[in-house]
Amino acid sequence: MTKIIGTKHPAYKSRRRGMREGRFNGAYYYALEIERNIIPKIKTDRNWVLLNCKGFARHHSVVFIHNNLNPQAYDWLKMWGYKDLVLVCGIPETCEKVAHLGRTIYLPLSIDVAEVEQYKTEKTRRAAFVGRAVKRKGIEFPEDIDYLEGMERSQLLQEMAKYETVYAVGRCAIEAKALGCEIKPYDPRFPDPSIWKVVDNSEAAAILQKELNRIDRR
């Protein structure tokens, strides 16, 4: 029977309860959508590792890599001897960095477009940074912008929808784009905000199925 190590796994639930900062992190919300909108559409006998719970994995698994800045955080998979892994990366460059762990797939980051678009509203504010505070460490922003940090996702989407311009990367940038915000760069790794495309979870599921079929030769 296929196993899912995700948001409901006891190890992750315990870890999340102990988080002081980062409780509302992108990996958690992405994993929720993978569980709800992507896995049910995929035909595979592989297990699923959706969150980086050190020591908890399975052989013959699909592993989602969320940490593009420090992908070595997943090296325990090799140290603990897990075999036959497919690593799913949301940034093409990350595929090379985790190739020693197994086969790699580039899967564009995706969102639940219909869910996000429910928060669309009139633009009444100018500009904001959106994301975890640690991501803007050492970076200078215009003095007159707001900072949307440490919020539960529904509150974040509600507030972000009010802004004309958003400084964001990853899924935050994609969600902002779906809300009609202009995306501005701030992370030197991603100088061109046009890389953030609005891709729905259902589109990502179709891409992932095709890639898994290729690897497992279904």
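Before any of the text, the structure's been laid out above.
To keep things clear, this report deals only with the structure shown in the data block. From a predicted model like this one, the values you see are computed outputs, not experimental measurements.

### Focus: the overall build of the protein
A count of helices and strands for the protein gives 8 helices and 9 strands. Whereas a compact globule of 218 residues would reach a radius of gyration of roughly 17 Å, the protein reaches 18 Å, a difference of no more than 12%. Expressed along its principal axes, the backbone C-alpha trace of the protein runs to roughly 50 × 30 × 30 Å. Looking at the protein as a whole, 50% of its 218 residues qualify as buried. Restricting the contact set of the protein to residue pairs at least 6 apart, pairs at least 24 apart contribute 57%. With the model as given, the accessible surface of the protein reaches about 11600 Å², and the carbon-plus-sulfur share is 49%.

### Things to note about the packing of aromatic side chains
Taken as a whole and assessed by the stated rule, the structure comprises 13 aromatic pairs. Ring centres 6.2 Å apart and planes at 15 degrees place the aromatic pair Tyr12 and Tyr28 in the stacked group. In this pair, Tyr12 is assigned in helix α1 (residues 10-17) and Tyr28 in helix α2 (residues 26-38), connecting sequence segments 16 residues apart. Across this residue pair, the class does not change: Tyr12 and Tyr28 are buried. Where Phe141 meets Tyr167, the ring centres are 5.5 Å apart and the plane angle is 90 degrees; that geometry is what we call edge-to-face. Pair noted here: Phe141 is in the loop between β6 (125-130) and β7 (146-148) and Tyr167 is in strand β8 (residues 163-167), with a separation of 26 residues, a long-range link. Just as Phe141 is buried, Tyr167 falls in that class too.

### Re the layout of surface pockets
Estimates place the volume of the second largest pocket at around 280 Å³. Taken together, 18 residues line the second largest pocket, and the ones lying closest to its centre are Ile91, Pro92, Glu93, Phe190 and Ile195. When residues in the lining of the second largest pocket are grouped by element, the largest group, 4 residues, is from helix α4 (residues 92-97). Looking at the lining of the second largest pocket residue by residue, the class counts come to 11 nonpolar, 3 polar and 4 charged.

### Some words on α2
Of all 13 residues that make up α2, 10 are buried, and the element is covered over most of its length. Among the residues making up α2, those that are buried are Ala27, Tyr28, Tyr29, Tyr30, Ala31, Glu33, Ile34, Glu35, Asn37 and Ile38. For α2, the side-chain oxygen to backbone nitrogen distance between the N-cap and Ala27 is 3.2 Å, and the N-cap itself is Asn25.

### Let's talk about the pairing of β6
Note that β6 and β8 share 4 bridges and pair parallel. Note on β8: the bridge partner recorded for Arg125 is Tyr163. Both β6 and β7 contribute to a ladder of 3 bridges, which runs parallel. From the neighbouring strand, Phe129 faces β7, where its bridge partner is Tyr147.

### A closer look at unusual backbone geometry
Non-glycine residue His60 carries a positive phi angle of around 55 degrees. Structurally, the position occupied by His60 is in the loop between β2 (47-49) and β3 (61-65). Its identity is not glycine, yet Asp84 carries a phi of approximately 55 degrees, on the positive side. Mapped onto the elements of the fold, Asp84 is located in the loop between α3 (76-79) and β4 (85-89). Accessibility expressed as a relative area gives 43% for Asp84, which makes it partly exposed.

### Topic: helix α8 (residues 201-216)
Taking 1.5 Å of rise per residue, the 16 residues of α8 would be expected to cover 22 Å, and the 22 Å separating its terminal C-alpha atoms lies within 8% of that figure. All of the buried residues in α8 are Asn201, Ala204, Ala205, Leu208, Gln209, Leu212 and Ile215. The buried residues of α8 all sit within an arc of 140 degrees when viewed along its axis, so they share a single face. For α8, the exposed residues set more than 90 degrees away from the buried face come down to Ala206 and Lys210. Summarising the contacts, the buried residues of α8 are in contact with α2, β2, β3, β4 and β5 (103-106). Once α8 ends, the next one or two residues include Arg217, with phi positive near 50 degrees.

Basis of the calculations
Residues numbered from 1 in each chain as written. Predicted model: local features only at pLDDT ≥ 70, side-chain atom pairs only at ≥ 80, totals over all residues. Heavy atoms only, no water. Helix = DSSP H or I, 4+ residues; strand = E, 2+ residues; numbered from the N terminus. Rg over C-alpha atoms; globule rule 2.2 N^0.38 Å. Buried < 20%, exposed > 50% of the residue type's maximum accessible area, 1.4 Å probe, protein only. Contact = heavy atoms within 4.5 Å. Areas by Shrake-Rupley, 256 points an atom, 1.4 Å probe, with all protein chains shown as cover. Phe/Tyr/Trp six-rings, centres within 6.5 Å; stacked < 30°, edge-to-face > 60°. 1 Å grid on protein atoms, 1.4 Å probe; cavity = no way out; pocket = protein on both sides within 12 Å on 5 of 7 lines; lining within 4 Å. Points joined across faces, edges and corners; volume = space filled by probe spheres on them. Nonpolar A, V, L, I, M, F, W, Y, C, P; charged D, E, K, R; others polar. Polar contact = N/O pair within 3.5 Å; in protein donor to acceptor, adjacent residues only side chain to side chain. Pairing = 2+ DSSP bridges. Expected span 1.5 Å × (residues − 1). Arc of directions from axis to C-beta.

Everything listed here is a matter of geometry and, on its own, says nothing about what the molecule does.
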